[in-house]
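So you can see what is in the structure, the chains are spelled out below.
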Amino acid sequence: MDGLPPGVSADVSPDELPEGFSTADPTGMDTGRAAGGKAQEAEAKKAAILEQCMTAEARERLSRIKMVKLDKAKQVERMIVSFAMQGKLPGKITEGKLIEMLESLGAQTSSTASKITISRKKYAFDSDDDDDDD
């Protein structure tokens, strides 16, 4: 550690610690390294599968979709990876095939699509139905 005074070591053996203290990282960063490494490895494997299964145009379109609709892009990625793992992909996915997949996902989720309603607040001094003949 750079902030320690000269002659002070940051390495402490467990038997040198006072009772009730531990050598665990209080920020929790140490425990997340193994899980983070596995997640990175899985993400790299998914990226490699997508690169093998898709044309450059399809990957480019999926990356643009990912910027706008992350959840839909993730759904398509999971679908492509699962098809590839099961061996159900006849060839590389083109941009047209990707559009078909997106449309099929859109048809499946359109029934559960959220509806936006706008409700305006009514204020005591804002009465439209009163006489506006001023």
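Residues numbered from 1 in each chain as written. Predicted model: local features only at pLDDT ≥ 70, side-chain atom pairs only at ≥ 80, totals over all residues. Heavy atoms only, no water.

## With respect to the nonpolar core
Of all hydrophobic cores here, the largest spans 17 residues; its most connected members are Met54, Leu62, Val76, Ile80, Ile93 and Leu98. Elements supplying a minimum of two residues to this core: helix 1 (32–53), helix 2 (56–68), helix 3 (70–86) and helix 4 (95–109). Of the residues forming this core, the biggest block, five residues, is contributed by helix 3. Those residues within four positions of Leu98 in sequence are excluded, and the remaining contacts are Met54, Ala58, Arg61, Leu62, Val76, Ile80 and Ile93. (Core = buried A, V, L, I, M, F, W, Y, C linked by side-chain atoms within 4.5 Å. Buried < 20%, exposed > 50% of the residue type's maximum accessible area, 1.4 Å probe, protein only. Helix = DSSP H or I, 4+ residues; strand = E, 2+ residues; numbered from the N terminus. Contact = heavy atoms within 4.5 Å.)

## Observations regarding helix 2
With 13 residues, helix 2 should reach 18 Å at 1.5 Å per residue; the first-to-last C-alpha distance of 19 Å fits that figure. Three or more residues of helix 2 are buried, namely Ala58, Leu62 and Ile65. Seen end-on, helix 2 carries its buried residues on one side only, within an arc spanning 60 degrees. (Expected span 1.5 Å × (residues − 1). Arc of directions from axis to C-beta.)

## Considerations on the side chain of Thr55
Topologically, Thr55 is positioned in the loop between helix 1 and helix 2. Given the relative accessible area of 17%, Thr55 is considered buried. Contact partners of Thr55, with chain neighbours within four places excluded, come to Lys92, Ile93, Thr94 and Glu95.

## Quick look at the side chain of Glu77
On the secondary structure map, Glu77 appears in helix 3. With a relative accessible area of 2%, Glu77 lands in the buried category. A distance of 2.7 Å separates polar atoms of two side chains, one belonging to Glu77 and the other to Lys66. (Polar contact = N/O pair within 3.5 Å; in protein donor to acceptor, adjacent residues only side chain to side chain.)

## A few points about the pattern of salt bridges
Applying the stated rule across the entire model yields five salt bridges. For Glu43, the salt bridge identified is with Lys46, shortest N-O distance 3.7 Å. Residue Glu43 and its partner Lys46 are both found in helix 1; the two are separated by three residues, about one turn of the helix. Between Arg61 and Glu95 there is a salt bridge, with the nearest N and O atoms lying 2.7 Å from each other. Here Glu95 lies in helix 4 and Arg61 lies in helix 2, a separation of 34 residues in the sequence. (Salt bridge = Lys/Arg side-chain N within 4 Å of Asp/Glu carboxyl O.)

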